[in-house]
Each structure stands twice: as structure tokens, then as C-alpha cells.
Amino acid sequence: MRPIKAIIMRNLMKFVRDRMRLFFTLLMSGLFLFIFSFATKSIGINLAHPMNYLISGIIIMTVFQTSLNNSMSILEDISSGFMKEILVAPIARWQIATGQVVSSMIISTLQGLIIIVVGIFIGLDVDFIHGILMIALMCLVGLTFSSLGLYLASITKESANYQLLVTLLVLPLTFLSGAYIPTMALPKMVAPIVYLNPLTYTTSAFRYVSLHMENQSTAELIASGVAFNINGFIMTPAIGVVLIMAMGAVFFTLCVKKFSDADFSRVKVFKRGRR
Amino acid sequence: MTNKSIEVVNFTKKFGSFTAVDNISFDVEEGSVFAFLGPNGAGKSTTINTLCTIQEKTEGELRINGNDVTHQKDSVRKDIGIVFQESTLDGKLTVDENLRLHCDFYKVPNEKVNERIAFALELVDLADWKKAPVESLSGGMKRRVEIARGVVHFPKILFLDEPTTGLDPQTRANVWDYILKLQKQEHITIFLTTHYMDEAEICNKVAIIDHGKIVAHDTPSDLKKQYATTTMKIKTSRGDDFAKYITEHKLTYQRENHSFVVHVTTIEDVLEITSLFRESIEDIEINKGTLNEVFIAITGKEIRE
């Protein structure tokens, strides 16, 4: 346990010292809130609390994006050489992966929490039970997408490529997830992508919890874009959560496998002229 | 019988069709200092990377303290400390935090961490810089932090991959003082690669690798006996007698009036000559053969190439 804890503490310490990163994520979230609050109003869909609807989407997107961005840090570690120090240490490879993923999860969840606090001032209603559920969901989303990010980082190996890949993934997936623009307002044409997009279910599950929708009927849930009728199959938020869990498990396993690969550090060796 | 810290048998490493290391074998005795010399690209770092478990071998057997580097990675990792060619410190953390992290990774008992860090920093004269962020230090100081970190968990075997490259001569000398002090105190085995021949002189054994093959493996003095020559410049008033004597003893020489340059092989030759011609010697100068000559004789090039 000690090495895992050490890796987590190191990453958290670096996050706390790097205030610019925190500042820009929060600035981004604020900007999205500002821009899309106009969009949501003008689309003219009947939502009980459009602002709350939007902010819950922004919270979970912040968690998602932060998770992916955090994985950049392992690329920095590879290029700064520090990854070598970790790789030659007598630490089980699953412990290294766990330390990286868990620290990324904690950072993402913390950033999500900050936006929740902002949301409470705007009118988001959070009681104790729902608060706990929201944190649990943020942790789950953080774990899943940090694993995905770490896996992608370990296969791209270069930060320029990774950034490109992340931008390529993040932009369409976030806009087609209903987080900023409700899925009901999206053109019918993109529906298949919306249904295949894991972020759709991430967003809907989080909305279900944060907007206290547990007493609504399935029809009402579908009308507010929290459940989906896919050719007769009703995709409920609960199924969505299971899906995200499964996805997280798959990518975490892939990460551990990647870290067990001893030639993981070879990137560097090759660049230096195969000495 | 002495114990072997490192055993390498028929080790080969290929990158695609390129053979970086070609069927090499050697071993290193416990508590000794072993130098691995070779021009750039000869396969030194490949060998180190494979020995410290971050690269897979293609063929052969490599053991650290009897543990196989492919199948017993964790036992191997516990026993070794490494100072890599390039920096592997976390620049954003302080000196102390870097060392502490290392202690956590290597499970140094909690109650001993402070004492060990103090010891390691004392060794490299950086006790006053504990709280400084690593990125604020000079290149030489970073190297010393790296060395302190390499030894803070008291490894049984210390790998030094060109530990002093890029350091000024004074820092280089200091770093070596620290390393040797530690080696004597803790009786650790040192595996060194270096560009500097004077660093190789202090080693117990030297192996020279070129194009992935070990081309020489011996003690520095035996290598010099085989591949380098010691010359004695002598000026004597009894030039003809001297020339006759040298020829009788089958030593090669160059003569210029009363001055001779004689190639000597043993110290006995020198003693005999000087005692015989004692009263006639006007000037004498002895140049010992260097490992650099050995290196050039074997690989046909300067190590700096």
C-alpha cells in the first residue's frame, strides 16, 4: 500500500502546486456555463430548471475532461525521465497503475466538487444523500476515464499525439452527450452516435441523481433526456452506470497490462539512438 | 569462493534487425567496482537497462545476486540502486521530497527514513539544500541529488550510467570521493559506465565493449600490461654503453645523441637500468601507459568519438 499512497500523494502535491491548471479548468467550466445558459434558454425545450440541468452536465463534463487531462502527467513523467525512477522501483505494476488512476480520480472529483459549490449558489439543490451519490458517481466517472486516459497516454507515448487524440475525442463526444446541449435538441441524424457515446450515459446518470429524478416515470425521464428509448429498449440511468463500470474495469485492466510491459520505457531509449 | 553480484551469460539484445548487444558474458564480484567502457552506441546502456529490469533481453541469462532479471524482477529491483545517464528526478519536488518518495518506493522502514536521508545528503554535501526545489539546483547539484537518491535505500549493487558526464572536473572529483566513501562504508558492488579513463583506473575490473561485443576484460593494470607501454626517457653521458645494454636486453628504444626513449615492460627493468647507470644519468622521466592507450589499441578509436 505504501507505494500506491506515495504515488497518490506526489500527484496531489503536484496538482496543488500547479495552480494555473486548476484556474483554467474552472475558467473553462464557467465559460461553458455562461455560453450554454443562453443556448439552453433559446432552444425552447421545456425543462423545469434549465440552469440546474445545464450545470449538472457541466459538473460531470469537468470530471471527465480533468480525468483525461490528468493522464498527460504520465507523459510528462516519461519525458522528464521520472517514469524510469518509478519503473525500476520494486513496486508491482498494478500498484503503479492504481496510484496514477486513483490520484487522477481524486483531482477530477475535487474539481467537480468546486463546481457543485458554485452550482449551489446558482440554485442546485443538494442534500446529504444526493450529495453522497453525486460524489460516488463522480468518483466512478473519474476512475473510468482516468483509466481510459492513462491507457491512451501509454499507447500514444508522445504528448503532442495524445493531446490531438484527446481533442479529437473530447469535442464530439461532449457535444453529443447532452451535457451542454440537451439530447432532445440534437438533430435526429446524430442519434446513433449519441446512443453509442458513453458520455451520454455518464451525463444522464449524473443528472438523474443531481436533479432528484427518482420519482419520475420512465416517460418523463425520456422526455427530459435522462433515459433513452433505443428502438424499444429503455436505457435507464442504472444500466448506464453499469456500462461505465464495465468500461472502467476494461480500461484499468488494459493499463495494468501496459505497465507490466517492461519495454514501456523504450520510447526514450530509441530516441537517444538505441544505445 | 567469492559471491557474484552480477552474472551475465550469453546475453543478446536485438532491436528489430539491429543487434545492440551480441552474445556477451561476464560477472562482477561482490564488493568490487566494475567499469564498462565503450564508444557511444556500443551497447552499454542496453546492458544496464536490461540488468535493471526495464528492458527485456532477447537471449541469454542475467542474474543479480542470484535472481533472474526476467523472472524475479521484484527481487532484483529491491537489491539495486541506479543513477541513470539522464536526470530522473522530479523537478517540481524538493530534494527532500524526491528522496522521501524513493524511500516509500523501496519500503525503507518509516523510523529510518529521516536518518537515511540525512546520511545520503551528508554524503554528497547537500544537507543544507534539503528544502530546495530540484529544478532550482545547478546541474552538478542535481547529479549529486541523483547519487544520494540512488544510495538512500542502501542497495547491494549500485549502477552508475555515466554518472559524472557534463560535470566540471572539481565536481567530478567530489562525486567520486562520495561514491568511493560509500562503497567502502557499505561494501556495495558498483557497476559503472563512463567516458573518463581516469574513472576506470580506480576500478577492480574493466570490460571494454565495442559493436555489442566484449573485446577485453581484465584488471586495469593487466590491460595496460597487455595493450599499453610504459616509456622511460633518459639522458645519459654513457650513451654507447647504454645502447649496448638495452639491445642486449631486447628492449626497443629510440636514440637521439645522449637521449633515449626506452619502452619498458616491468618495473624491474627500470630499477636495474637506473642502478647500473646511476652516476651517468643526467635526466629521467617515466611515462606510464594509460587505459586510454589500451582503449585506442583495442577499439581503434578515442572513447569520446
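First things first, this report covers the structure right here in the doc.

Definitions and cut-offs
- Residues numbered from 1 in each chain as written.
- Chains lettered and ligands numbered in written order.
- Predicted model: local features only at pLDDT ≥ 70, side-chain atom pairs only at ≥ 80, totals over all residues.
- Heavy atoms only, no water.
- Helix = DSSP H or I, 4+ residues; strand = E, 2+ residues; numbered from the N terminus.
- Buried < 20%, exposed > 50% of the residue type's maximum accessible area, 1.4 Å probe, protein only.
- Areas by Shrake-Rupley, 256 points an atom, 1.4 Å probe, with all protein chains shown as cover.
- Lys, Arg positive; Asp, Glu negative; His and termini not counted.
- Charge placed at Lys NZ, Arg CZ, Asp CG, Glu CD.
- Pairing = 2+ DSSP bridges.
- Contact = heavy atoms within 4.5 Å.
- Buried area = accessible area lost by both parts, 1.4 Å probe.
- Salt bridge = Lys/Arg side-chain N within 4 Å of Asp/Glu carboxyl O.
- Polar contact = N/O pair within 3.5 Å; in protein donor to acceptor, adjacent residues only side chain to side chain.
- Axes fitted to C-alpha atoms, helices over the stretch in contact; angles between N-to-C directions.
- Parallel < 35°, antiparallel > 145°, perpendicular 65-115°, else oblique.
- Left-handed = near helix turned anticlockwise from the far one by under 90°.
- Nonpolar A, V, L, I, M, F, W, Y, C, P; charged D, E, K, R; others polar.
- Phe/Tyr/Trp six-rings, centres within 6.5 Å; stacked < 30°, edge-to-face > 60°.
- Lys NZ or Arg CZ within 6 Å of the ring centre and 35° of its normal.
- 1 Å grid on protein atoms, 1.4 Å probe; cavity = no way out; pocket = protein on both sides within 12 Å on 5 of 7 lines; lining within 4 Å.
- Points joined across faces, edges and corners; volume = space filled by probe spheres on them.

**Some remarks on the overall build of chain B**
- Of regular secondary structure, chain B possesses 11 helices and 14 strands.
- Dimensions of chain B, computed from the C-alpha atoms along their principal axes, are close to 75 × 50 × 40 Å.
- Looking at chain B as a whole, 53% of its 305 residues qualify as buried.
- Counting every atom, chain B has about 13800 Å² of accessible surface; 47% of that belongs to carbon and sulfur.
- Positive and negative side-chain charges of chain B, numbering 38 and 48 respectively, have mean locations separated by a distance of 3 Å.

**Brief notes about the pairing of strand β3 (residues 33-37) of chain B**
Residues and elements named next belong to chain B.
- Counting buried residues in β3 gives five out of five residues, a clear majority hidden from the surface.
- Of the two faces of β3, the one holding V33, A35 and L37 and the one holding F34 and F36 are both buried throughout.
- Pairing analysis gives four bridges linking β3 to strand β8 (residues 189-193), with the strands arranged parallel. By the bridge assignment, F34 is partnered in β8 with F191.
- In the sheet, β3 pairs with strand β9 (residues 205-210) via four bridges, with the strands oriented parallel. Within β9, the residue paired with F36 across the bridge is A207.

**What about the interface of chain A and chain B?**
- Listed as interface residues are 30 residues of chain A and, on the opposing side, 42 residues of chain B.
- Here chain A meets chain B over a buried area of about 3300 Å², counting both sides, of which 55% is carbon and sulfur.
- On inspection of chain A and its partner chain B, the count reaches six salt bridges.
- Note that E97(B) is salt-bridged to R17(A), the shortest N-O span being 2.7 Å.
- At the boundary of chain A and chain B, one finds 11 residue pairs in polar contact (both at pLDDT 80 or more).
- Residue assignment for the side of chain A that touches chain B shows that the elements contributing at least two residues are α1 (2-17), α5 (82-87) and α13 (266-271) of chain A.

**What to know about the packing of helix α9 (residues 239-248) of chain B against helix α10 (residues 267-276) of chain B**
All names here are of chain B.
- At their nearest, the axes of α9 and α10 sit 12 Å apart, and the two run at 150° to each other. When the axis of α9 is compared with that of α10, the two are roughly antiparallel. Our pair here, α9 against α10, has a crossing hand that is right-handed. Along the contact surface, α9 presents F242, Y245 and I246, while α10 presents E272, I273 and L276.
- Of the residues that constitute the contact of α9 with α10, the class distribution is five nonpolar, no polar and one charged.

**Thoughts on the sheet that holds strand β4 (residues 59-64) of chain B**
Residues and elements named next belong to chain B.
- Judged by pairing direction, the sheet is antiparallel, and its four strands sit side by side in the order β2-β1-β4-β5 without closing on themselves. What marks the edges here is a single partner per strand, and that holds for β2 (18-29) and β5 (67-68).
- The pairing of strand β1 (residues 4-15) with β4 spans five bridges and is classified as antiparallel. Of the residues in β4, the one forming a bridge with T12 is E59.
- Sitting on the sheet, helix α1 (residues 44-51) touches β1, β2 and β4, and the angle it makes with β1 is about 115°.

**Side note on the packing of aromatic side chains**
Residues and elements named next belong to chain B.
- Using the criterion set out here, one finds 19 aromatic pairs over all chains in the structure.
- Centre to centre, the rings of F26 and F34 are 5.2 Å apart; their planes meet at 5°, and the pair counts as stacked.
- Under the relative-accessibility criterion, F34 is labelled buried at 1%.
- Positioned above the aromatic ring of Y196, the side-chain terminus of R172 is 3.7 Å from the ring centre.

**Quick word on the sheet that holds strand β13 (residues 259-264) of chain B**
All names here are of chain B.
- Here four strands make up an open sheet; going across it, the order is β12-β13-β11-β14 and the pairing antiparallel. Unpaired on one side and paired on the other, β12 (253-256) and β14 (281-287) mark the two borders of the sheet. With strand direction ignored, the average angle separating the axes of adjacent strands in the sheet is 15°.
- Running over the sheet, α9 touches β11 (230-236), β12 and β13 and is turned about 170° from β12.

**Details of the pattern of salt bridges**
- Scanning the entire structure with this criterion turns up 24 salt bridges over all chains.
- Notably, a salt bridge pairs D104(B) with R2(A), separated by 2.9 Å at the nearest N-O pair. One end of the pair, D104(B), is in helix α3 (residues 95-105); the other, R2(A), is in helix α1, on a second chain.
- Classification of D104(B) by relative accessible area gives buried; the value is 19%.
- Residue R63(B) pairs with E7(B) through a salt bridge whose shortest N-O separation is 3.6 Å. Note that R63(B) is positioned in strand β4 and E7(B) in strand β1, a separation of 56 residues in sequence.
- By relative accessible area, which is 22% here, E7(B) ends up partly exposed.

**Section: the side chain of E146(B)**
Residue and element names in this part refer to chain B.
- Position of E146 relative to the elements: it lies in helix α5 (residues 139-151).
- Residue E146 is classed as buried on the basis of its relative accessible area, which comes to 1%.
- With near-sequence residues (within four places) excluded, E146 lies in contact with V83, E86, S87, T88 and L89.

**Considerations on the layout of surface pockets**
All names here are of chain A.
- Of the voids in this model, the largest pocket is the one considered here, and its volume is about 910 Å³.
- What lines the largest pocket is a set of 49 residues, and nearest its centre among them are R21, T66, N69, N70 and M72.
- Elements that contribute at least two residues to the lining of the largest pocket include exactly α1, α2 (19-43), α3 (50-70), α4 (72-80), α6 (93-122), α7 (128-156) and α8 (159-175).
- Of the residues in the lining of the largest pocket, the class split is 20 nonpolar, 20 polar and nine charged.

**Structural notes on the environment of I107(A)**
All names here are of chain A.
- Structurally, the position occupied by I107 is in helix α6.
- Separated by 92 residues in sequence, I107 and F15 have C-alpha atoms that sit 7.6 Å apart.
- The residues contacting I107, other than those within four sequence positions of it, are N11, L12, F15, R21, T66 and N70.

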